[in-house]
Structure formats: structure tokens, C-alpha cells
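As a plain string of letters, each chain reads:
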Amino acid sequence: MEYKVKIEDLTEEAFAPYGKVVDVPAIDPSKSGDGWDCWSYVQMLDVWEPIGFGLVITKRREFVVTAMERHVSREELLLTFDREIVQPVALCMDIDDPDESPDPSTVKCFRIKPGQAIVIHRGVWHSPAYPASDDARYLFGIEKKKDKFGDEMINPWVDFVNGSTVRFEYASRHRS
């Protein structure tokens with residue numbers, strides 16, 4: 001079965017079931033100086049171990065997802081550098097079930113603009129991000145420790161239940 005999902009703008013409310021949004025707040029900065037404004041602690045990453053960072057170059061490809069990964073023991077920070085990216089995510093139904101597969105009926109896809117970031121909750125299913133149009137770069141940060149159900153360096157990808165796929169697209173007002 002194929003599911004079709006519209007790409008959504010990233011908002012705190014829409015992304016809340018999947019994680020936290022990092023963006024410039026609509027409040028006065030906590031500190032400022034000559035030529036700079038600072039908002040301290042706009043978001044928190046819950047960690048116990050050192051954080052490892054990785055860099056991804058995501059290349060233009062068809063907006064189709066067939067498998068996802070999850071980290072049940074760690075949150076993951078994702079920050080785009082130069083271009084908009086699209087991040088597909090799916091709900092975790094049982095964080096303690098090592099045999100869970102991602103449910104395509106819970107997939108949402110969020111547009112992340114340069115300067116925005118997300119913190120993906122523990123257990124939330126996600127695929128690599130897609131470029132909104134041209135190839136893009138993004139950074140991820142995650143605790144440098146093995147996950148409860150294995151090591152994602154081996155093969156973290158789990159197919160959707162029943163071999164389903166998810167195809168996503170922009171709503172007509174967000175064409176790239």
C-alpha cells in the first residue's frame with residue numbers, strides 16, 4: 001500500500017509528537033550587545049554521554065520512503081545548513097518493543113528551513129532527510145553510545161509494516 005503525505009511547515013505544535021523545534025523565539029533576547037542578540041537555552045538536548053556529530057549531504061531524489069530507523073535510548077539533533085530539507089518522521093508505538101516496525105499511517109513530513117533545527121524524541125521513527133529542491137547539507141548530533149536494541153552502524157533500517165511505502169509532496173503553495 002502507498003500512503004501520500006503533504007509536506008508541512010515546521011511548527012512547535014505540529015512537530016510536538018515527534019520532538020522539539022529549535023528556532024528564533026518570538027520574545028526579546030535574553031542577552032544582547034553591539035551587533036548581536038542571544039536567546040539562551042531555546043531548547044534542551046537530554047544527554048548523558050558525549051555527543052557525536054555527523055554531516056550528511058542529501059541528494060535530490062524521488063520523495064518516497066520505504067524504511068526508517070529509530071533510537072530508543074537517545075534524542076537526535078538535526079540542523080540544516082544551506083538549503084531547505086524535508087524530514088519524514090513516524091510515531092513510536094511501543095518504545096520497549098525491539099521488533100516494532102514503523103507505521104506509515106503515522107508519517108508526517110516537515111519542511112526545515114536553513115537556521116531551523118529539530119530534536120527528534122527517543123523512539124521516533126525517521127528516515128534520512130531529503131533536499132527540498134537541490135542537494136543540501138545537514139548536521140546531526142546524537143549521544144555516542146549504543147542503542148538499547150543494537151548498534152545502528154550495522155543496519156538500522158526497518159521496512160514499513162506490510163511493505164508499504166510513503167510518497168510525499170509539496171502542497172501547491174510550496175513548490176520548489
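Trainee: Any chance you could explain the overall build of the protein chain here in plain terms?
Mentor: Check the secondary structure of the protein chain and you find one helix and 16 strands. Taking 176 residues into account, the globule formula puts the C-alpha radius of gyration at 16 Å, and the protein chain, at 17 Å, falls close to it. Taken over the C-alpha atoms alone, the protein chain extends approximately 55 × 40 × 30 Å along its principal axes. Within the protein chain, contacts between residues at least 6 apart in sequence are counted, and of these 85% link residues at least 24 apart. In the structure as shown, the protein chain presents an accessible area of about 9900 Å², 51% of it carried by carbon and sulfur atoms. With 22 positive and 31 negative side-chain charges, the protein chain shows a spacing of 4 Å between the two charge centroids.

Trainee: Please clarify how the pairing of strand S9 (residues 85–90) should be interpreted in this entry.
Mentor: If a strand is regular, its side chains alternate between the two faces of the sheet. The buried fraction of S9 amounts to six of the six residues, a majority that puts the element mostly inside the structure. Residues Ile85, Gln87 and Val89 point to one face of S9 and Val86, Pro88 and Ala90 to the other, with burial holding for every one of them. Pairing of S9 with strand S10 (residues 108–112) involves five bridges; the strand directions are antiparallel. Among the inter-strand pairings, Gln87 is bridged to a residue of S10, identified as Phe110. Pairing analysis gives two bridges linking S9 to strand S13 (residues 130–131), with the strands arranged antiparallel. Looking at the pairing, Ile85 lines up with Pro131 of S13. Of the pairings in the sheet, the one linking S9 to strand S12 (residues 125–126) comprises two bridges and is antiparallel in character.

Trainee: Would you mind showing me how to read unusual backbone geometry here?
Mentor: Across the chain, the bulk of peptide bonds are trans and the bulk of non-glycine residues have phi less than zero. Unusually for a residue other than glycine, Tyr41 sits at a positive phi of about 55°. Here Tyr41 lies in the loop between strand S4 (36–38) and strand S5 (51–58). For Tyr41, a relative accessible area of 71% puts it in the exposed group.

Trainee: Looking at this model, I keep getting lost on the pattern of salt bridges. Mind explaining?
Mentor: A side chain with one charge may pair with a side chain of the opposite charge, provided their charged atoms come close. Across all of its chains, the model carries 16 salt bridges by this definition. Residues Arg111 and Glu84 are paired through a salt bridge, measuring 3.1 Å at the closest nitrogen-oxygen approach. In this pair, Arg111 is assigned in strand S10 and Glu84 in the loop between strand S8 (76–80) and S9, connecting sequence segments 27 residues apart. With a relative accessible area of 22%, Glu84 lands in the partly exposed category.

Trainee: Can you help me understand the pairing of S8 in this one?
Mentor: With four of five residues buried, S8 lies mostly within the body of the structure. Here S8 pairs with strand S14 (residues 136–143) via five bridges, running antiparallel. Each bridged residue has a counterpart across the sheet, and for Leu77 the counterpart in S14 is Gly141.

Trainee: Help me understand the packing of aromatic side chains, please; the structure alone is not making it clear to me.
Mentor: Here the structure, examined in full by the defined rule, presents seven aromatic pairs. Residues Phe15 and Tyr18 carry aromatic rings whose centres are separated by 6.1 Å and whose planes lie at 40° to one another, so their mutual orientation is tilted.

Trainee: I keep staring at the environment of Pro131 and nothing clicks. Help me out?
Mentor: Mapped onto the fold, Pro131 is located in strand S13. For the pair Pro131 and Lys148, spaced 17 residues apart in sequence, the C-alpha separation works out to 30 Å. With near-sequence residues (within four places) excluded, Pro131 lies in contact with Thr58, Lys59, Arg60, Arg61, Phe63, Glu84, Ile85 and Ala136.

Trainee: What am I meant to see in the sheet that holds strand S11 (residues 117–120) here?
Mentor: By definition, the strands of a sheet pair up through backbone hydrogen bonds, in either a parallel or an antiparallel sense. One open sheet accounts for five strands, arranged S2-S11-S8-S14-S5; its pairing is antiparallel. Of all the strands in the sheet, just strand S2 (19–22) and S5 have a single pairing partner and so form its edges. This sheet shows a mean twist of 20° between the axes of neighbouring strands, independent of strand direction. Judged from the eight bridges that link them, S5 and S14 form a sheet pairing that is antiparallel. Opposite Ile57, over in S14, you have Arg137 as the bridge partner.

What counts and how
Residues numbered from 1 in each chain as written. Predicted model: local features only at pLDDT ≥ 70, side-chain atom pairs only at ≥ 80, totals over all residues. Heavy atoms only, no water. Helix = DSSP H or I, 4+ residues; strand = E, 2+ residues; numbered from the N terminus. Rg over C-alpha atoms; globule rule 2.2 N^0.38 Å. Contact = heavy atoms within 4.5 Å. Areas by Shrake-Rupley, 256 points an atom, 1.4 Å probe, with all protein chains shown as cover. Lys, Arg positive; Asp, Glu negative; His and termini not counted. Charge placed at Lys NZ, Arg CZ, Asp CG, Glu CD. Buried < 20%, exposed > 50% of the residue type's maximum accessible area, 1.4 Å probe, protein only. Pairing = 2+ DSSP bridges. Salt bridge = Lys/Arg side-chain N within 4 Å of Asp/Glu carboxyl O. Phe/Tyr/Trp six-rings, centres within 6.5 Å; stacked < 30°, edge-to-face > 60°. Axes fitted to C-alpha atoms, helices over the stretch in contact; angles between N-to-C directions.

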